[in-house]
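# Structural description and commentary
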Amino acid sequence: MELKNAVYGIVGLGIMGGSIAKSIRQNILSQAGSTGKVLACNRSTACLSQAVAEGVATAVYTSEHVDNMLAECDVVFICLYPHATLEFMKVHRDHFKSGAIVTDISGVKGIFEKSMPDILRPDVDFIIGHPMAGGEKEGYANSDARFFVNHNYILCPSDFNKPENLEFMRTLVTEMGFTRITETTCDTHDYKIGFTSQLCHVIASALVESAEDPAITAFGGGSFEDLTRIAMINAPLWTELFIANKEKLVQHIENFEKQMELFKRYISEEDSENLKAMLSDTREKRLKMGSIRTVAK
């Protein structure tokens, strides 16, 4: 199956689903001789009309008719919340095209590793994936194919995945603009993302909540703005992600609290030597982090 001739289905045409659809349209289906299609499904219809008007989607479907879409799709991106993705796979199990590759975009992976083997048909392959890109604002109107350029895509290969389908996904996401593909286990993914993403959202949110005066931003010089950009959060989504990964996330929060206690002690005790040493160590660690571009398997 050639990328440019495949039929791609997008379930959930929000900011991520819309960005995936636009990326496939612009980077893959624009190639000479392409016969491929982008089909999209969403509960609300406004974004579907917009996707057709913009030439992004070849055809669109409401939730009631998604089975008709699935029957045509060679590749399906399910762009829903984690538990909704699992429920979608259960409800529509019998309607995927034989040989289809199905993938997710969720920020937690352990739930798929545990549940998917009991859900999947033997002739349908579910490849667990996570595009590490996006924007703060929600909805199709804020989607953009450029989100993916020079970003990282995480794949969590499973024992039930066919090697040729994994290779197809690697090629697909590369063509979409991703320049790094990190392959790891679901457990490692959830631990690492618990730190690099979920903990950061917790800290940004806590920082905003700790502000006693909303007008404090009049005194901002960029630091507060940079640190709290991600606090403009999709509350239902991140609530689900935090709780689904609670064991690993709480561990990261506790480790962070220990570091905050050290800072508080050194500052309150005017312990300049230890404070200076800690800040110097922080600088060195951050410089090293900038040169590391992969996640350990």
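Here's a quick rundown of the structure. (Residues numbered from 1 in each chain as written. Predicted model: local features only at pLDDT ≥ 70, side-chain atom pairs only at ≥ 80, totals over all residues. Heavy atoms only, no water.)

Strand order in this open sheet of 8 strands is E3-E2-E1-E4-E5-E6-E7-E8, and the pairing throughout is mixed. A strand with exactly one partner marks an edge of an open sheet, and here the two such strands are strand E3 (59-61) and strand E8 (180-183). Averaged over all pairs of adjacent strands, the angle between strand axes in this sheet comes to 25°, irrespective of strand direction. One ladder, built from 5 bridges, connects strand E1 (residues 7-11) with strand E2 (residues 37-41); its direction is parallel. When the sheet's bridge partners are listed, Tyr8 is paired in E2 with Val38. Along the sheet, helix H4 (residues 82-91) makes contact with E1, strand E4 (75-78), strand E5 (101-104) and strand E6 (125-132), crossing E4 at roughly 140°. (Pairing = 2+ DSSP bridges. Helix = DSSP H or I, 4+ residues; strand = E, 2+ residues; numbered from the N terminus. Axes fitted to C-alpha atoms, helices over the stretch in contact; angles between N-to-C directions. Contact = heavy atoms within 4.5 Å.)

Summed over all chains, the structure comprises 5 aromatic pairs. Residues Phe148 and Phe178 carry aromatic rings whose centres are separated by 4.9 Å and whose planes lie at 25° to one another, so their mutual orientation is stacked. With a gap of 30 residues between them, Phe148 in the loop between E6 and strand E7 (152-156) and Phe178 in the loop between helix H6 (163-175) and E8 connect regions that are remote in the sequence. Each member of the pair, Phe148 together with Phe178, is buried. Taken together, the ring pairs connect Phe148, Tyr153 and Phe178 into an aromatic cluster. Sitting above the plane of the Tyr140 ring, Lys22 keeps its charged end 4.6 Å from the centroid. (Phe/Tyr/Trp six-rings, centres within 6.5 Å; stacked < 30°, edge-to-face > 60°. Buried < 20%, exposed > 50% of the residue type's maximum accessible area, 1.4 Å probe, protein only. Lys NZ or Arg CZ within 6 Å of the ring centre and 35° of its normal.)

This part covers the environment of Phe168. Along the chain, Phe168 falls in helix H6. Separated by 20 residues in sequence, Phe168 and Thr188 have C-alpha atoms that sit 23 Å apart.

The next point concerns the pairing of E7. In terms of residue burial, E7 counts as a mostly covered element, since 5 of its 5 residues are buried. Taken together, the 5 bridges between E6 and E7 define a ladder with antiparallel strand orientation. Directly across from His130, in E7, lies its bridge partner Ile154. Judged from the 4 bridges that link them, E7 and E8 form a sheet pairing that is parallel. Each residue of the ladder has a partner; that of Leu155, found in E8, is Glu183.

Further remarks concern the nonpolar core. Tyr8, Phe77 and Leu172 are the most contacted members of the largest nonpolar core, which totals 36 residues. Among the elements of the structure, E1, helix H1 (15-27), E2, helix H2 (46-53), E4, E7 and H6 are those that each provide at least two residues to this core. Residue contacts for Tyr8: discarding those within four places in its chain leaves Leu3, Ile24, Ile28, Leu29, Lys37, Val38, Leu39, Cys73, Val75, Phe168 and Leu172. Ranked by size, the runner-up nonpolar core spans 31 residues in total, among them Leu86, Phe126, Cys186 and Ile193. (Core = buried A, V, L, I, M, F, W, Y, C linked by side-chain atoms within 4.5 Å.)

The interhelical angle for the contact between helix H10 (residues 246-268) and helix H11 (residues 272-289), taken along N-to-C directions, is 140°, at an axis separation of 8 Å. Classified by chirality, the crossing of H11 by H10 is left-handed. Listed contacts from H11 to Gln259, Leu262, Phe263, Tyr266 and Ile267 of H10 are Asn274, Leu275, Met278 and Leu279. (Left-handed = near helix turned anticlockwise from the far one by under 90°.)

Secondary-structure assignment places Ile101 in strand E5. Measuring from C-alpha to C-alpha, the distance between Ile101 and Cys73 comes to 8.6 Å, with 28 residues separating the pair along the chain. In this structure, Ile101 is in contact with Asp74, Val75, Val76, Asp125, Ile127, Asn165, Phe168 and Met169, ignoring residues within four places of it in sequence.

Right, let's get into the packing of H4 against helix H9 (residues 235-244). At a closest axis distance of 9 Å, the pairing of H4 and H9 adopts a crossing angle of 85°. Relative to H9, the element H4 lies roughly perpendicular. Along the contact surface, H4 presents Pro82, His83 and Ala84, while H9 presents Leu237, Glu240, Leu241 and Ala244. A per-class count over the contact of H4 with H9 returns 5 nonpolar, 1 polar and 1 charged. (Parallel < 35°, antiparallel > 145°, perpendicular 65-115°, else oblique. Nonpolar A, V, L, I, M, F, W, Y, C, P; charged D, E, K, R; others polar.)

Interpretation in functional terms is not warranted from these geometric data alone.
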